[in-house]
Amino acid sequence: MVFSPYWNLPMSIVKNEALPGLETNADYIEDHNMDIRGEQNGLPIVRQRPGPRNALGRVKFIFPNKYSIYLHDTPSRQLFHKTVRAFSHGCIRVEDPFAFASNLLSPQKAWTSQRIKDAMSSNSEQWVTLDKPTPVYITYSHAGQIQLET
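Since the model is a prediction, treat every value here as computed from it, not as a measurement.

Criteria and thresholds
- Residues numbered from 1 in each chain as written.
- Predicted model: local features only at pLDDT ≥ 70, side-chain atom pairs only at ≥ 80, totals over all residues.
- Heavy atoms only, no water.
- Helix = DSSP H or I, 4+ residues; strand = E, 2+ residues; numbered from the N terminus.
- Buried < 20%, exposed > 50% of the residue type's maximum accessible area, 1.4 Å probe, protein only.
- Contact = heavy atoms within 4.5 Å.
- Areas by Shrake-Rupley, 256 points an atom, 1.4 Å probe, with all protein chains shown as cover.
- 1 Å grid on protein atoms, 1.4 Å probe; cavity = no way out; pocket = protein on both sides within 12 Å on 5 of 7 lines; lining within 4 Å.
- Points joined across faces, edges and corners; volume = space filled by probe spheres on them.
- Nonpolar A, V, L, I, M, F, W, Y, C, P; charged D, E, K, R; others polar.
- Expected span 1.5 Å × (residues − 1).
- Bend = angle between axes of the 7 residues up to and from the residue.
- Phe/Tyr/Trp six-rings, centres within 6.5 Å; stacked < 30°, edge-to-face > 60°.
- Lys NZ or Arg CZ within 6 Å of the ring centre and 35° of its normal.
- Axes fitted to C-alpha atoms, helices over the stretch in contact; angles between N-to-C directions.
- Parallel < 35°, antiparallel > 145°, perpendicular 65-115°, else oblique.
- Left-handed = near helix turned anticlockwise from the far one by under 90°.

K.L.:
When you look at the overall build of the protein chain in this model, what are you seeing that I'm missing?
P.N.:
Secondary structure summary: the protein chain contains 4 helices and 10 strands in total. Written out in order from the N terminus, the α and β elements of the protein chain read β-β-α-α-β-β-β-β-β-α-α-β-β-β. Counting only residues that meet the buried cut, the protein chain has 33% of its 150 residues in that class. Across the protein chain, every contact between residues at least 6 apart in sequence was considered, and the portion connecting residues at least 24 apart equals 45%. Accessible surface for the protein chain amounts to roughly 9800 Å². Of this, 52% is attributable to carbon and sulfur atoms.

K.L.:
It is not clear to me how the layout of surface pockets should be interpreted in this structure. Could you clarify?
P.N.:
To find the voids left in a structure, one rolls a probe of water-molecule size over its atoms. In this structure, the second largest pocket encloses a volume near 470 Å³. Lining the second largest pocket are 20 residues, and of these Ile-62, Phe-63, Leu-130, Thr-134 and Val-136 sit closest to its centre. Considered class by class, the residues forming the lining of the second largest pocket number 16 nonpolar, 3 polar and 1 charged.

K.L.:
Mind showing me how you'd approach helix α1 (residues 11–24) here?
P.N.:
Note that an α-helix has 3.6 residues per turn; residues three or four places apart therefore point the same way. Compared with an ideal rise of 1.5 Å per residue, which puts 14 residues at 20 Å, α1 spans 19 Å between its outermost C-alpha atoms and is within 8% of the ideal. By the largest-angle criterion, Ala-18 marks the main kink of α1, which is about 30 degrees, and a proline, Pro-20, follows within four residues. Here α1 has its buried residues at Ile-13, Val-14, Ala-18 and Gly-21. Lining the buried residues of α1 we find β2 (7–8), α2 (28–31) and β4 (43–48).

K.L.:
What exactly am I supposed to notice about the packing of aromatic side chains here?
P.N.:
Taken as a whole, this structure holds 2 aromatic pairs when the rule is applied. A centroid spacing of 4.6 Å and a plane angle of 65 degrees characterise the contact between Phe-61 and Phe-100, whose relative ring orientation is edge-to-face. Here Phe-61, found in strand β5 (residues 59–61), pairs with Phe-100, found in helix α3 (residues 97–105); they are 39 residues apart in sequence, far enough to count as distant. In this structure Phe-61 comes out as buried when scored by relative accessible area, which is 5%. A relative accessible area of 30% places Phe-100 in the partly exposed class. Lying across the ring of Tyr-6, Arg-47 places its NZ or CZ 3.7 Å from the centre. Residue placement shows Arg-115 over the ring face of Trp-111; its charged tip is 3.8 Å from the ring centre.

K.L.:
Before we go on, may I ask you to explain the packing of α3 against helix α4 (residues 113–121) in this structure?
P.N.:
Helix packing for two helices is described by the angle between their axes and how far apart those axes are. Running from N to C, α3 and α4 cross one another at 130 degrees; their axes reach a closest spacing of 10 Å. Between α3 and α4, the angle falls in the class oblique. Crossing handedness for the pair α3 and α4: right-handed. When α3 is examined against α4, the residues Pro-97, Phe-98, Ala-101, Ser-102 and Leu-105 are found in contact with a partner set consisting of Ser-113, Ile-116, Lys-117 and Met-120. Here the residues of the contact of α3 with α4 are counted per class, giving 6 nonpolar, 2 polar and 1 charged.

Written as structure tokens, this is what we have:
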């Protein structure tokens, strides 16, 4: 898992959202707590810095999969009250990321509740590897069709 993560914007989001945002607002990058890290195929490489407005929230949970999907916190807490939940660009928001992180880290005694809270409220990215692998099973249901990804 990554506490206080940077968010590296996918090129599709740079092209379809960040660049149009820059065209209408010269301060778009700074207003969204982002920086440009270089260029790739004629497009800027953009990342959002850690902080309370980071699209990934205060923690992301990475697991191996061929789709580069991960679980993450969100600053958009109000979305959990909606019936339709497909607001993400493909990753999965976690409603109670502190409880999830606490549960995953419970076997690692050095990770106390306070240490987790401190890591989540920091503005410095911190990577943590679980001592024991944890299986991940995701079920997605849409319009009556069910897919299972493991």
